Amino acid sequence: CKRVWDAGYPILYTPEPVFTHLWGQSIKRFPIRFALEKLRNRYRYFWKHFGPESVTSCRQATITFLRMRQAFFSLKRLLTGPNESLDGRLEMYRVVIDWNERLDPVRFIETGAEPDVGHLPLAPAPRMTA
């Protein structure tokens, strides 16, 4: 949509097509890997459309958001007791926050270098240009 809009064309909507979404069937099996992939792509998007400075700001905002979510689910776990779903979510936040805190987002975009947290990217990184 951003490319279409930037090219001067309107974004069109049509309600006719129907898609069936299986609501995270793959994500449930690999939540950490998908969370990391989403962040990798977020940083690439911000770099591509807003430049190197924005990716650093985006990283800081992302860490803040993730820490807030981690605190919320930690409190929820404290109040409701342990359960597999909450424990998995808290583990995902722990790994993703660790990855983000150790990440140099500019170096990541320029070279592909990223912290090793045991979850490799789903696909090779695309070539990025500023």
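The paragraphs below set out a description of the structure included in this document. Every value quoted in this text rests on a predicted model; they were computed, and no experiment measured them.

Before going further, it helps to examine the overall build of the chain. Per the secondary structure count, the chain includes six helices and zero strands. Relative to its 130 residues, the chain shows a buried fraction of 28%. When the accessible surface of the chain is totalled, it reaches about 9500 Å², and 60% of it is carbon and sulfur.

Attention now goes to the packing of aromatic side chains. Within the structure shown, the criterion is met by seven aromatic pairs. With a centroid separation of 6.0 Å and an interplanar angle of 75°, the aromatic rings of Tyr 45 and Phe 46 are classed as edge-to-face. On the basis of relative accessible area, Phe 46 is assigned to the partly exposed category, the value being 29%. Ring plane angle 20° and centroid distance 6.0 Å describe the contact between Phe 73 and Tyr 93, whose orientation is recorded as stacked. Of this pair, Phe 73 sits in helix α4 (residues 52–80) while Tyr 93 sits in helix α5 (residues 84–102); the two residues are 20 residues apart in sequence, bridging distant segments of the chain. By the ring-pair criterion, three or more aromatic residues cluster together here, those being Tyr 43, Trp 99 and Phe 108.

Turning our attention to α4. A rise of 1.5 Å per residue sets the reference length of α4, with its 29 residues, at 42 Å; its end C-alpha atoms lie 42 Å apart and thus fit the reference within 8%. Every buried residue of α4 is accounted for by Ser 54, Val 55, Cys 58, Arg 59, Thr 62, Ile 63, Leu 66, Gln 70 and Phe 73. Those residues of α4 that are buried lie in contact with α3 (31–50), α5 and α6 (105–111). Gly 81 sits one or two residues past α4 and shows a positive phi near 90°.

Turning to the pattern of salt bridges, a few remarks are in order. Per the stated rule, a full pass over the model turns up seven salt bridges. Ionic pairing is found between Arg 67 and Glu 101, a salt bridge with its closest N-O pair at 2.6 Å. In this pair, Arg 67 is assigned in helix α4 and Glu 101 in helix α5, connecting sequence segments 34 residues apart. A relative accessible area of 40% places Glu 101 in the partly exposed class. The closest approach of N and O atoms between Arg 94 and Glu 91, which form a salt bridge, is 2.7 Å.

Attention now goes to the nonpolar core. In this structure, Tyr 43, Val 96 and Trp 99 are the most contacted members of the largest nonpolar core, which totals 22 residues. Going through the elements one at a time, α3, α4, α5 and α6 are the ones with two or more residues in this core. By residue number, the principal contributor to this core is α5, which donates eight residues. If we ignore the near neighbours within four places in the chain, the residues touching Val 96 are Ala 35, Leu 36, Leu 39 and Leu 66.

Conventions adopted
As a convention, each chain's residues are numbered from 1 in the sequence order in which they are written. With pLDDT at 70 or above as the cut-off, local features in this predicted model cover only qualifying residues; side-chain atom pairs require 80 or more to be listed or tallied, and sums for whole chains, interfaces and linings still use all residues. By convention in this description, side-chain values take in all heavy atoms of the structure and omit both hydrogens and water. Going along the chain from the N terminus, every DSSP run of H or I of four or more residues is numbered as a helix, and every run of E of two or more is numbered as a strand. Whether a residue is buried, partly exposed or exposed follows from its accessible area with a 1.4 Å probe, protein chains only, as a fraction of its type maximum: under 20%, in between, or over 50%, in that order. Computed with a 1.4 Å probe, the accessible areas rest on the Shrake-Rupley method; for each residue, only the protein chains presented here act as cover. Put simply, two rings from Phe, Tyr or Trp (the six-membered ring, in Trp's case) pair if the centres are within 6.5 Å, and we call them stacked under 30 degrees between planes, edge-to-face over 60, tilted for the rest. Helix span is expected to be 1.5 Å times the residue number reduced by one. In what follows, residue pairs with any heavy atoms lying within 4.5 Å of each other are defined as contacts. Salt bridge, as used here: a side-chain nitrogen of Lys or Arg that lies within 4 Å of a carboxyl oxygen of Asp or Glu. Nine residue types can take part in a nonpolar core, namely buried Ala, Val, Leu, Ile, Met, Phe, Trp, Tyr and Cys, and a core is a set of them joined through side-chain atoms within 4.5 Å.

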